[in-house]
Amino acid sequence: MTAVFAIFVARYVEFRLCLIWAGRQLNLLERGALAATRLGRAARRDAIANAARASVASFSGTLLSLGIAAGLLALPWLPLVLAVGMLTFLGAETGRRLGGNAGLWAAALAVSGIILIESAPR
């Protein structure tokens, strides 16, 4: 829940700063004039939507890994492999959407996941 709040605040601040910047570019006299309009309400609505999507994605990923771990007690390594696989997919998709090297992004996130797994206390 803490991460959802942090994502909401970060996105809301980003959207509000964009509105303040746009108001300054338009030479509006009152600071934050655009943020007090429908655009300000849209910024809040979009920040809430971003936080909700992040919450669902985070919960789904955790539920999938833990559900498999609970269901297949004979294969304790499977959730770890699945988590690294999901990070690899996320990296490839991020690289593709950003127009970067999808393989490099996938490898970077996979290696990061492996490092986190190895550094976890046992």
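What you see is a predicted model; the values in this text were computed from it and never measured.

Participant: When you look at the overall build of the protein in this model, what are you seeing that I'm missing?
Facilitator: The helix and strand tally for the protein stands at 4 helices and 0 strands. In sequence order, the protein lays out its α and β elements as α-α-α-α. Whereas a compact globule of 122 residues would reach a radius of gyration of roughly 14 Å, the protein reaches 20 Å, over 25% beyond that. Dimensions along the principal axes, computed over C-alpha positions, put the protein at roughly 65 × 30 × 25 Å.

Participant: Is there a simple way to think about the packing of helix 2 (residues 38–71) against helix 3 (residues 78–98) in this case?
Facilitator: Geometrically, a packed helix pair is captured by the angle between its two axes and the distance between the axes. Two elements in contact, helix 2 and helix 3, have axes whose closest approach is 8 Å; the angle formed by their N-to-C orientations is 155°. Between helix 2 and helix 3, the interaxial angle falls into the category roughly antiparallel. In this structure, helix 2 meets helix 3 at a crossing whose hand is right-handed. Residue-level inspection shows Gly61, Leu64, Ser65, Ile68 and Ala69 of helix 2 in contact with helix 3, the latter providing Leu78, Pro79, Leu82, Ala83 and Met86.

Participant: How should the layout of surface pockets be read in this particular structure?
Facilitator: Empty space within the largest pocket amounts to approximately 470 Å³. Arg53, Ala54, Ala57, Ser58, Ser60, Gly61, Thr62, Ser65, Ala83, Met86, Leu87 and Leu90 are the residues that line the largest pocket. If you list the elements that add at least two residues to the lining of the largest pocket, you get helix 2 and helix 3. In terms of residue count, helix 2 provides more of the lining of the largest pocket than any other element does, 8 residues in total. Taken together, the residues of the lining of the largest pocket sort by class into 6 nonpolar, 5 polar and 1 charged.

Participant: Can you help me understand the packing of aromatic side chains in this one?
Facilitator: How two aromatic rings sit relative to each other is given by the distance of their centres and the angle of their planes. According to the stated counting rule, one finds 1 aromatic pair in the structure shown. Considering the side-chain rings of Phe8 and Tyr12, the 5.7 Å spacing of their centres and the 10° angle between planes classify their relative orientation as stacked. Taken together, the residues span about one helical turn, with Phe8 and Tyr12 both in helix 1 (residues 2–25) at a distance of 4 residues. Classification of Tyr12 by relative accessible area gives buried; the value is 18%.

Participant: Looking at this model, I keep getting lost on the pattern of salt bridges. Mind explaining?
Facilitator: Side-chain pairs of opposite charge can arise whenever the charged atoms involved come near each other. Going through the model one piece at a time under the given rule, you end up with 3 salt bridges. Arg11 serves as the salt-bridge partner of Glu14, at 2.8 Å between the closest nitrogen and oxygen. You can see Glu14 and its partner Arg11 sitting in helix 1, 3 residues apart, about one turn around the helix. We classify Glu14 as partly exposed; its relative accessible area is 38%. Arg11 gets classed as partly exposed once you look at its relative accessible area, which sits at 28%. Salt-bridge contacts for Arg96 lead to Glu93; the nearest nitrogen and oxygen are separated by 3.2 Å. You can see Arg96 and its partner Glu93 sitting in helix 3, 3 residues apart, about one turn around the helix. Salt bridges linked by common partners bring Glu93, Arg96 and Arg97 together as one network.

What counts and what doesn't
Residues numbered from 1 in each chain as written. Predicted model: local features only at pLDDT ≥ 70, side-chain atom pairs only at ≥ 80, totals over all residues. Heavy atoms only, no water. Helix = DSSP H or I, 4+ residues; strand = E, 2+ residues; numbered from the N terminus. Rg over C-alpha atoms; globule rule 2.2 N^0.38 Å. Axes fitted to C-alpha atoms, helices over the stretch in contact; angles between N-to-C directions. Parallel < 35°, antiparallel > 145°, perpendicular 65-115°, else oblique. Left-handed = near helix turned anticlockwise from the far one by under 90°. Contact = heavy atoms within 4.5 Å. 1 Å grid on protein atoms, 1.4 Å probe; cavity = no way out; pocket = protein on both sides within 12 Å on 5 of 7 lines; lining within 4 Å. Points joined across faces, edges and corners; volume = space filled by probe spheres on them. Nonpolar A, V, L, I, M, F, W, Y, C, P; charged D, E, K, R; others polar. Phe/Tyr/Trp six-rings, centres within 6.5 Å; stacked < 30°, edge-to-face > 60°. Buried < 20%, exposed > 50% of the residue type's maximum accessible area, 1.4 Å probe, protein only. Salt bridge = Lys/Arg side-chain N within 4 Å of Asp/Glu carboxyl O.

Purely geometric numbers; function is a separate question.
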